[in-house]
Amino acid sequence: MKNNQKNAHRVVADNRKARFNYEILDTYEAGIALTGTEVKSLRQGKATIGEAYAGPSGEEMFLYNAYIPEYLQANRFNHETRRPRRLLLHKREINKLIGATQREGFTVIPLRVYFNDRGRAKVELGLGRGKKLHDKRETEKARDWDREKARLMRQKG
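Residue numbers here run from 1 along each chain, matching the order of that chain's written sequence. In view of the model being predicted, local features appear only for residues whose pLDDT reaches at least 70, and side-chain atom pairs are presented and counted only at 80 or more, with totals across whole chains, interfaces and linings using the full set of residues. Where side-chain values are given, they derive from all heavy atoms of the structure, hydrogens and water being excluded.

Trainee: Could you clarify how one ought to interpret the pattern of salt bridges in this entry?
Mentor: Side chains bearing opposite charge may pair, as long as their charged atoms lie close to each other. Should a side-chain nitrogen of Lys or Arg be within 4 Å of a carboxyl oxygen of Asp or Glu, the pair is scored as a salt bridge. Here the structure, examined in full by the defined rule, presents nine salt bridges. For Arg86, the salt bridge goes to Glu60, with nearest N and O atoms at 3.7 Å. Of the two residues, Arg86 sits in strand S5 (residues 85-88) while Glu60 sits in strand S4 (residues 60-64), which places them 26 residues apart along the sequence. Classification of residues uses two cut-offs on accessible area relative to the type maximum, computed with a 1.4 Å probe and protein chains only: under 20% is buried, over 50% is exposed, and between them is partly exposed. Assessed through its relative accessible area of 31%, Glu60 is described here as partly exposed. Three or more residues are tied together by salt bridges with common partners; here these are Glu38, Arg83 and Arg85. Secondary structure elements follow DSSP: runs of H or I of four or more residues count as helices, runs of E of two or more count as strands, with numbering from the N terminus.

Set out below in structure tokens:
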């Protein structure tokens, strides 16, 4: 991705704990099938995907447990806040993800929800394996050391 393209993305929701809890091996970009009130609510930027996950249902992939709050101006035409939302992927990507989750024990985790430069809502999905406790400790130690190293370099000038 080029720098100018990356800046065009407006991130709506970010799953910051995903990279700590999972070892992300591959990432995919998927569209989401949304209703009008969901899009308007996303544009307000109040969605959360902290406990969301993606999984197969038949021949399709769905995003489960993602919270998009109700749009206040929609009154009775509002959407269900935690409904399963269909992910728009190519058939071979869906088959690859389904195979990885069923055979190899991987998990599909949404990393962030954003609007691309054309104004379309997208989800960045990560294919990952859950980290063990000792792996999480190693990650935390490495992060602390990097922070300490940066602090020492700033002090030296």
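Trainee: Is there a simple way to explain the pairing of S4 in this structure?
Mentor: Looking down a regular strand, the side chains alternate between one sheet face and the other. Two elements, strand S3 (residues 53-57) and S4, share five bridges in a ladder whose sense is antiparallel. In the sheet register, Ala54 faces S4, and the bridge partner there is Leu63. A pair of strands counts as paired when DSSP detects no fewer than two bridges linking them. The hairpin turn running from S3 into S4, its antiparallel successor, is two residues long, and Gly58 in that turn takes a positive phi close to 75°.

Trainee: What's the story with the environment of Ala33 in this structure? I'm lost.
Mentor: Relative to the helices and strands, Ala33 resides in the loop between strand S2 (22-32) and helix H3 (36-43). As for Ala33 and Lys122, which are separated by 89 residues in sequence, their C-alpha atoms are 9.5 Å apart. Here, residues are in contact when the closest pair of their heavy atoms is within 4.5 Å. With sequence-adjacent residues up to four places away left out, Ala33 is seen in contact with Glu38, Arg83, Arg85, Arg86 and Leu88.

Trainee: How do you make sense of the side chain of Arg85 when you look at a structure like this?
Mentor: Its location among the elements puts Arg85 in strand S5. We define a polar contact as two N or O atoms separated by no more than 3.5 Å, with the added condition that, inside protein, one atom must be a possible hydrogen donor and the other a possible acceptor, whereas residues neighbouring each other in sequence contribute only through side-chain atom pairs. In this structure the side chain of Arg85 is engaged in a polar contact, spanning 3.0 Å, whose partner is the backbone oxygen of Arg83. Sequence-distant contacts of Arg85, defined by excluding residues within four places in its chain, comprise Ile32, Ala33, Leu34, Glu38, Met61, Phe62, Leu63, Ala66, Ile68, His79 and Glu80.

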